[in-house]
Amino acid sequence: MEAGEERKNYYIAESVGIATGFLINALHSCGLVTLTHTPKPMDFLNKICSRPDHEKPFMLLVVGYPAEDATVPMHALKKKTLEQIASFI
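These notes cover the structure that comes with them. None of these values were measured; they are calculated from a predicted model.

1. Concerning the overall build of the chain
- Across its full length, the chain carries four helices and two strands.
- Taken from the N to the C terminus, the helices and strands of the chain come in the order α-β-α-β-α-α.
- Taken over C-alpha atoms, the radius of gyration comes to 18 Å for the chain, far larger than the 12 Å a tight globule of 89 residues would show.
- Taking the principal axes of its C-alpha atoms as reference, the chain extends roughly 50 × 45 × 25 Å.
- Taking all 89 residues of the chain together, the buried fraction comes to 9%.

Rendered as structure tokens:
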């Protein structure tokens, strides 16, 4: 395949989603915090980043260090039990 050639890719959303999950986990392990954002439409990023139309942005991932007094919202700490989210056959 030559540089600049296009080809069909499969499972893009799944692959990017899994890779993003690994990246977020790695960033959190390093003491950083993240915020994902998926605005629709995303094509404005092509213009900002001077990318061709055939490239499709998937997600914005904002990364930084948390403020010293940052807290987790109380509702985010409430977890469902395994029985509430899964059933086994």
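2. What to know about the pattern of salt bridges
- A complete count under the given rule lists one salt bridge for this structure.
- Across the pair E55 and R51 runs a salt bridge whose closest N-O atoms are separated by 2.8 Å.
- The class for E55 is partly exposed, based on a relative accessible area of 30%.

3. Overview of helix α1 (residues 12–29)
- A rise of 1.5 Å per residue sets the reference length of α1, with its 18 residues, at 26 Å; its end C-alpha atoms lie 26 Å apart and thus fit the reference within 8%.
- T20, I24 and L27 are the residues of α1 that are buried. Looking straight down α1, one finds that the buried residues subtend no more than 65° of arc, so they occupy a single side. Among the exposed residues of α1, those oriented more than 90 degrees off its buried face are I18, F22 and S29.
- Where α1 is buried, its residues contact β1 (33–37) and β2 (60–64).

4. A short note on the side chain of N46
- On the secondary structure map, N46 appears in helix α2 (residues 44–48).
- From its side chain, N46 meets the backbone oxygen of E55 in a polar contact 2.8 Å long.
- Here N46 is in contact with R51, P52, D53, E55 and P57, once residues within four sequence places are set aside.

5. Some words on unusual backbone geometry
- Residue P41 is reached from K40 by a cis peptide bond, and omega for that bond is -5°.
- Among the structural elements, P41 can be located in the loop between β1 and α2.

6. Describing the environment of V33
- Assignment of secondary structure puts V33 in strand β1.
- Here the alpha-carbon distance between V33 and V63, two residues 30 residues apart in the chain, equals 5.8 Å.
- If we ignore the near neighbours within four places in the chain, the residues touching V33 are H28, V62, V63, G64, Y65 and P66.

7. Considering a nonpolar patch on the surface
- Taken together, the side chains of V72, M74 and L77 define a hydrophobic patch exposed on the protein surface, amounting to about 330 Å² of accessible area.
- Turning to its location among the elements, M74 is positioned in helix α3 (residues 74–77).
- On the accessibility criterion, M74 (62% relative accessible area) is exposed.

Calculation criteria
Residues numbered from 1 in each chain as written. Predicted model: local features only at pLDDT ≥ 70, side-chain atom pairs only at ≥ 80, totals over all residues. Heavy atoms only, no water. Helix = DSSP H or I, 4+ residues; strand = E, 2+ residues; numbered from the N terminus. Rg over C-alpha atoms; globule rule 2.2 N^0.38 Å. Buried < 20%, exposed > 50% of the residue type's maximum accessible area, 1.4 Å probe, protein only. Salt bridge = Lys/Arg side-chain N within 4 Å of Asp/Glu carboxyl O. Expected span 1.5 Å × (residues − 1). Arc of directions from axis to C-beta. Contact = heavy atoms within 4.5 Å. Polar contact = N/O pair within 3.5 Å; in protein donor to acceptor, adjacent residues only side chain to side chain. Patch = residues over 30% accessible without salt bridge, like charges linked within 9 Å, V, L, I, M, F, W, Y side chains within 5 Å. Areas by Shrake-Rupley, 256 points an atom, 1.4 Å probe, with all protein chains shown as cover.

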